[in-house]
Amino acid sequence: MRIVVISPRVAPGILTLATWDALRDASRVVATEKDPHVHAIVASGIDVEISSDAPALESGTAADGVLWIAPTGDAEWARTVADDLMSGDEVGKVEVIFGSYDVPGASLIDLVEVMDRLRRECPWTAEQTHTSLARYVLEEAQETFEALESGDSEHLREELGDLLMQVVFHSRIAEEAEGWDVDDVTAGITAKLVRRNPHVFAPETLDHIPTTSDEIDAQWQRIKQQERAGKIPPLHDH
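Quantities reported herein were computed from a predicted structural model and do not represent experimental measurements.

A. Up close: the overall build of the protein. Counting secondary structure elements, the protein contains 10 helices and 5 strands. Taken against the 2.2 N^0.38 rule, which gives 18 Å for 238 residues, the C-alpha radius of gyration of the protein at 25 Å runs more than 25% over that of a compact globule. Its C-alpha atoms give the protein principal-axis dimensions of roughly 75 × 50 × 40 Å. Counting only residues that meet the buried cut, the protein has 30% of its 238 residues in that class. In the protein, once contacts between residues fewer than 6 apart in sequence are set aside, the share between residues at least 24 apart is 62%. Accessible area for the protein stands at about 14800 Å²; split by element, carbon and sulfur atoms hold 55% of it. Where the 20 positive side-chain charges of the protein centre and where its 45 negative ones centre are 6 Å apart.

This is the structure in structure tokens:
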């Protein structure tokens, strides 16, 4: 028997080739619920049974053809089921397959979703404004600075999280009334990083490619001044 674990942070239907092969080769595909990922699998032409029963090994070779789809993102469910089934002479008869993987930064999606829910369901969070939160930005920035000075890596990790929360919080507030959101924030800083680092992203546009830290900093400052003067050089169109 096989158990497939799918990340909740990828679009439905985005699975590894090995997972699609396993789905097509299975004699039975079973899921605990018909979520968007299961809908996508069904839409591809694969029948999926919905069952609230706990997975169980079947006798003989029948178990080899059964594939269970774990509740989306619930790797612990898959591990628990596998541990329960793999005992005694049953060891080796259960295989856990990761159908999709999170890319770096994927957990930011969780933070955005949590903040969105808090904004809708938590009275305190719902009534906050840019003004009411302003002091927290300063506090979290100061605490992050202190963590940097202390050299405590774990403390720094925690404080960076608190500071990031402020970015997401203000972005969520802006989404309601100001016409931009966290995606606009991240898209803006990404474009700025690309624009101010042409030695990495568009070296063919430069007469001289900076190689030292001083040269790169001078280039950054020069492009920054051009931006402020409304003379932003366009990126090379690949």
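B. Layout of the side chain of His-199. With respect to the secondary-structure elements, His-199 resides in helix 9 (residues 198–201). The exposure class assigned to His-199 is buried, which follows from its relative accessible area of 17%.

C. Representation of the environment of Phe-98. Mapping Phe-98 onto the fold places it in strand 5 (residues 95–98). Taking the C-alpha atoms as reference points, Phe-98 and Ala-18, separated by 80 residues in sequence, lie 9.3 Å from one another. What Phe-98 contacts, discounting residues up to four positions off in sequence, is Val-5, Thr-16, Thr-19 and Ala-75.

D. Examining a nonpolar patch on the surface more closely. Together, Leu-108, Leu-164, Val-167, Trp-180 and Val-185 give the surface a local cluster of nonpolar side chains, amounting to about 370 Å² of exposed area. Following the sequence through the fold, Val-167 ends up in helix 7 (residues 153–177).

E. Representation of the pattern of salt bridges in the model. By the definition in use, this model includes 15 salt bridges. Of the charged contacts, one joins Glu-227 and Arg-196 as a salt bridge, the two residues approaching to 2.4 Å between their closest N and O atoms. One end of the pair, Glu-227, is in helix 10 (residues 213–228); the other, Arg-196, is in the loop between helix 8 (182–195) and helix 9, with 31 residues separating them in the sequence. With respect to burial, Glu-227 and Arg-196 carry one shared label: buried.

F. Seen up close, the packing of helix 6 (residues 130–150) against helix 7. Between helix 6 and helix 7, the least distance of the axes is 8 Å, while the angle of their chain directions is 160°. Between helix 6 and helix 7, the angle falls in the class roughly antiparallel. With respect to the hand of their crossing, helix 6 and helix 7 are arranged in left-handed fashion. Facing His-130, Leu-133, Tyr-136, Val-137, Glu-140, Ala-141, Glu-143, Thr-144, Ala-147, Leu-148 and Ser-150 of helix 6, the residues of helix 7 in contact are His-155, Leu-156, Glu-159, Leu-160, Asp-162, Leu-163, Gln-166, Phe-169, His-170, Ile-173 and Ala-174. By residue class, the composition of the contact of helix 6 with helix 7 is 12 nonpolar, 6 polar and 4 charged.

G. Inspection of helix 1 (residues 17–25) at higher detail. When we look at burial in helix 1, the residues that qualify are Thr-19, Trp-20, Ala-22 and Leu-23. The buried residues of helix 1 all sit within an arc of 160° when viewed along its axis, so they share a single face. Relative to its buried face, helix 1 has exposed residues pointing more than 90 degrees away, namely Leu-17, Ala-18, Arg-24 and Asp-25. Packed against the buried residues of helix 1 are strand 1 (2–5), strand 2 (28–31), helix 2 (36–43), strand 4 (66–69) and strand 5.

H. Structural view of the pairing of strand 2. Here strand 2 runs beside strand 4; their pairing, made up of 4 bridges, is parallel. Within strand 4, the residue paired with Ala-31 across the bridge is Ile-69. The pairing of strand 2 with strand 3 (residues 49–50) spans 2 bridges and is parallel. By the bridge assignment, Val-30 is partnered in strand 3 with Glu-49. Read as a crossover between parallel neighbours, the route from strand 2 over helix 2 to strand 3 is right-handed.

The rules behind each value
- Residues numbered from 1 in each chain as written.
- Predicted model: local features only at pLDDT ≥ 70, side-chain atom pairs only at ≥ 80, totals over all residues.
- Heavy atoms only, no water.
- Helix = DSSP H or I, 4+ residues; strand = E, 2+ residues; numbered from the N terminus.
- Rg over C-alpha atoms; globule rule 2.2 N^0.38 Å.
- Buried < 20%, exposed > 50% of the residue type's maximum accessible area, 1.4 Å probe, protein only.
- Contact = heavy atoms within 4.5 Å.
- Areas by Shrake-Rupley, 256 points an atom, 1.4 Å probe, with all protein chains shown as cover.
- Lys, Arg positive; Asp, Glu negative; His and termini not counted.
- Charge placed at Lys NZ, Arg CZ, Asp CG, Glu CD.
- Patch = residues over 30% accessible without salt bridge, like charges linked within 9 Å, V, L, I, M, F, W, Y side chains within 5 Å.
- Salt bridge = Lys/Arg side-chain N within 4 Å of Asp/Glu carboxyl O.
- Axes fitted to C-alpha atoms, helices over the stretch in contact; angles between N-to-C directions.
- Parallel < 35°, antiparallel > 145°, perpendicular 65-115°, else oblique.
- Left-handed = near helix turned anticlockwise from the far one by under 90°.
- Nonpolar A, V, L, I, M, F, W, Y, C, P; charged D, E, K, R; others polar.
- Arc of directions from axis to C-beta.
- Pairing = 2+ DSSP bridges.
- Right-handed = clockwise from strand over helix to strand, strands pointing away.

Read these as spatial facts, not as claims about activity.
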